[in-house]
Structures are given as C-alpha cells and as structure tokens.
Amino acid sequence: MNFKKQVSVIHFGLILIISSCTSKSNNSTQLASEFSFGIIADCQFSDYPANGTREYAMSDDKLEECVTHLNTMDLEYTIHVGDFIDRNYESFDVVVPIYNKLKMPKYHVLGNHDFVVPGDKRSNVYKKMGMPSRYYEFKIKDWRFVVLDGNDISFHASNEGSKDYQFAENYYKTNKINSPKWNGAVGESQKNWLISVLENATKNQEKVILFCHFPVFPENVHNLWNADELVEIIENYDCVKAYINGHNHEGNFGYKKGVHYLTMKGMVETKETAYGIITLTDKYIQIAGYGREGNKKLQIK
Ligand SMILES: [Zn+2]
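Residues numbered from 1 in each chain as written. Predicted model: local features only at pLDDT ≥ 70, side-chain atom pairs only at ≥ 80, totals over all residues. Heavy atoms only, no water.

Chemist: Looking at this structure, I do not really get the pairing of strand 12 (residues 274-280). What am I missing?
Modeler: In terms of burial, strand 12 is largely enclosed, as seven of its seven residues are buried. By the bridge criterion, five bridges tie strand 3 (residues 35-40) to strand 12 in an arrangement that is antiparallel. Within the sheet, the bridge partner assigned to Phe35 lies in strand 12 and is Leu280. Pairing geometry for strand 12 and strand 13 (residues 284-291), over seven bridges, is antiparallel. Along strand 13, the bridge assignment pairs Ile277 with Ala288. The turn linking strand 12 back onto strand 13 is made up of three residues. (Buried < 20%, exposed > 50% of the residue type's maximum accessible area, 1.4 Å probe, protein only. Helix = DSSP H or I, 4+ residues; strand = E, 2+ residues; numbered from the N terminus. Pairing = 2+ DSSP bridges.)

In structure tokens:
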C-alpha cells in the first residue's frame, strides 16, 4: 500500500496520525540469492536400550520434534547425512514416516549403520529411505549439492563372500588401509562421476557443497578409507566451498584451501538433540545449531 501519512481529526479533538503502510521496510528480508536448508546427522534410531551415551530409542521423539520445528521455517530442503537407523530393517518403518512429514524436499545420505539389516535387504536400503540412487546431485539457485556414498567399497554394505565383499577385502589389504573396517571408500566410477559433476559446476559457475556420511578432513579415525583421494579431487575445483558429513557424533571442523570441512554432531548422542539450519549467502555459510549443535559463520572464499 502506498498512501501517504493521513491525518484525521476525530470528534473529541485528538489528532490521530495514521502512519502509512510502506511495506518495504523489513530489514530481515532475505536476498533473492540467499536460502536455508535443514541438516540432521546420525538419528541412528533403534528400539534398543542406550549404550553409553547413545540413546537409540529416544531418536524417534527427537526426530519428530526436529521435523515439527523445521516445518515452521522457510527451508529449500532438509538433508539427513547418514546412519538414519542403528540396526534392523524395521527401524526404517518408525523413522521414515516421521521424516516424510517434512513439508519440503527431503534428502538422505547413506551411512554405515543403514546397512545393519539382513543381507537380502541391503541392496534395497536406499529405496526404503526414498533415495533416487546411492549417490546423486541436485541444484538450488547457483548452488550444486552432491550426495556421495562412502559405503561404495565397504564390508558392511555387501554380504560376506559376495563379489563386492571380496573386492572390499582386497582393496583394504592392497592399499594397506589404516582406517577401521567400519568405514568405507568412494569407488572408481563414483569418483569419475564426481569429477564430471564438478567440471559441469565449474562451467556453469555454480558453488558446490558435498555431503557424505564419512569425514575426509581433518585426520580422524572416522575418515573415509580414501579420504586423501577425495581431498585431492576437491582441491582441484575452486567451486567446492564445503564438505559436510556426520559419523563422528562429537562433531568436528577443519578448513583447508578454500574448503570448509564440517562434521555435524549426532542426534542419537545423549538425551539432548542436535541438528542445524544452514543459510547460504554469497559470502557466508551460516550454521544455526539446535540442542548440542553450535552456531558457526564460515566465510566463502
Ligand atoms: Zn556412521
């Protein structure tokens, strides 16, 4: 509305000034290029008693509360970065319907615990979670988001004795991997796919965020078996601004050559929840943390 200040004299002599309704004065308005998304790590639900500080059976309630909160926010999407369940295929039947209450696009990353299900169900896990494939990418405004599968070569995502399992055994041995057996690696064809995505993103002048369940930097016991190979690829492309993961429930952070490496704290850990909302601007990646997750403002280089 555009009417100027209006002065009206009311019958008992007071002058009432009605301010004009200029609607462009809201300083909290986001710029057109800015947007936010929700992020959750390691919900790790199962109907099992707590083990140490891992409160598996509380995660359905924590997720429900988180989803209710995220639904009140203006978010382009929400992503869960792996270990949606702790064990048992039936655990998905508890948490998938809760996650599906999100009123925005929702994404998943595969974690190692998502494969703690009977052998004949393993190949179906990504479908059960509603994922288009085990690794994929999507775009919002001038940002490209790449979802990696760090269980590509692993002991847990394949069945003992199978070709994939033998491949993992051979890979682990011949590459003299020090990282524990419960981590995994990104395989050759997925690496080539990642390179082609980053080539295209560079051509299209997009900024890129990678998601994976496993960290790659700083050096940590939770890192991908081939973390160094991933970091080398990442550092070849200026378009990559951040790598975001779960798996290490304590959370972590590192910065190297223009890339922020962010480990989100695990929701399953302790009785208190943990999740975040990430806002992307032209200059910053801002994390608003809830529960045990902290706030961060990371400058984009
Ligand atoms: Zn994990």
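That covers the picture; the talk isn't over yet.
Chemist: I would appreciate a short explanation of the pattern of salt bridges in the present structure.
Modeler: Where charged atoms of side chains with opposite charge meet at close range, the side chains can pair. Going through the model one piece at a time under the given rule, you end up with 15 salt bridges. A salt bridge links Glu206 to Lys139, with the nearest nitrogen and oxygen atoms 3.3 Å apart. Of the two residues, Glu206 sits in the loop between helix 5 (188-203) and strand 8 (207-211) while Lys139 sits in strand 6 (residues 136-140), which places them 67 residues apart along the sequence. Through salt bridges with shared partners, a single network forms among Glu137, Lys139, Arg144 and Glu206. (Salt bridge = Lys/Arg side-chain N within 4 Å of Asp/Glu carboxyl O.)

Chemist: So what exactly am I meant to see when it comes to the coordination of the zinc ion here?
Modeler: For a metal with four tetrahedral donors the ideal donor-metal-donor angle is 109.5 degrees, while six octahedral donors give ideal angles of 90 or 180 degrees. For the zinc ion, the full set of protein donor atoms is Asp83 (OD), Asn112 (OD1), His213 (NE2) and His247 (ND1), at a range of 2.1 to 2.2 Å. One can describe the donor arrangement at the zinc ion as irregular, given that its four donor atoms subtend angles of 90 to 164 degrees at the metal. In primary-sequence terms, the residues that donate to the zinc ion follow D-x28-N-x100-H-x33-H. Of this pair, Asp83 sits in the loop between strand 4 (77-80) and helix 2 (91-99) while His247 sits in the loop between strand 9 (240-245) and strand 10 (252-256); the two residues are 164 residues apart in sequence, bridging distant segments of the chain. (Donors = N, O, S within 2.8 Å, 3.2 Å for Na, K, Ca; no water. Tetrahedral: all angles 85-135°; square planar, octahedral: opposite > 155°, others 65-115°.)

Chemist: Explanation requested: the layout of surface pockets in the structure shown.
Modeler: Over the atoms rolls a probe the size of a water molecule, and its path tells where empty space is left. Considering only enclosed or pocket space, the largest pocket measures out at about 340 Å³ in volume. Along the wall of the largest pocket there are 19 residues; nearest its centre are Arg134, Asp152, Ala157, Ser158 and Asp164. Secondary-structure elements contributing two or more residues to the lining of the largest pocket are helix 4 (163-174) and helix 5. Each pocket or cavity is described by its volume, and for the second largest pocket that value is around 240 Å³. Lining the second largest pocket are 15 residues, and of these Ser179, Leu224, Trp225, Ala227 and Asp228 lie nearest its centre. Counting residues per element, the lining of the second largest pocket draws most heavily on helix 6 (residues 227-235), at three residues. A breakdown of the residues in the lining of the second largest pocket according to their chemical character gives six nonpolar, six polar and three charged. (1 Å grid on protein atoms, 1.4 Å probe; cavity = no way out; pocket = protein on both sides within 12 Å on 5 of 7 lines; lining within 4 Å. Points joined across faces, edges and corners; volume = space filled by probe spheres on them. Nonpolar A, V, L, I, M, F, W, Y, C, P; charged D, E, K, R; others polar.)

Chemist: Sorry if this is basic, but what is going on with the domain arrangement of the protein here?
Modeler: How big an interface is tends to be stated in terms of the accessible area lost upon association of its parts. Under the domain assignment, the protein is made up of domain 1 (1-33) and domain 2 (34-299). Across the boundary between the two partners, domain 1 contributes four residues, which contact seven residues of domain 2. Both sides of the domain 1 and domain 2 interface together cover about 500 Å² of buried area, and 28% of this is carbon and sulfur. On the surface where domain 1 and domain 2 come into contact, there are zero salt bridges. Our count for the domain 1 to domain 2 interface comes out at zero residue pairs in polar contact (both at pLDDT 80 or more). Looking at side-chain class alone, the side of domain 1 that touches domain 2 contains two nonpolar, two polar and no charged residues. (Domains from an automatic or database assignment. Contact = heavy atoms within 4.5 Å. Buried area = accessible area lost by both parts, 1.4 Å probe. Polar contact = N/O pair within 3.5 Å; in protein donor to acceptor, adjacent residues only side chain to side chain.)

Chemist: How do you make sense of the side chain of Glu206 when you look at a structure like this?
Modeler: You can call Glu206 buried: its relative accessible area is 4%. Among the polar contacts listed, one links the side chain of Glu206 to the side chain of Lys139, at a separation of 3.3 Å. Of the polar contacts made by the side chain of Glu206, one reaches the side chain of Arg144; its length is 2.9 Å. Ignoring sequence-local partners within four residues, the contact set of Glu206 consists of Lys139, Asp142, Arg144, Ala201 and Cys239.

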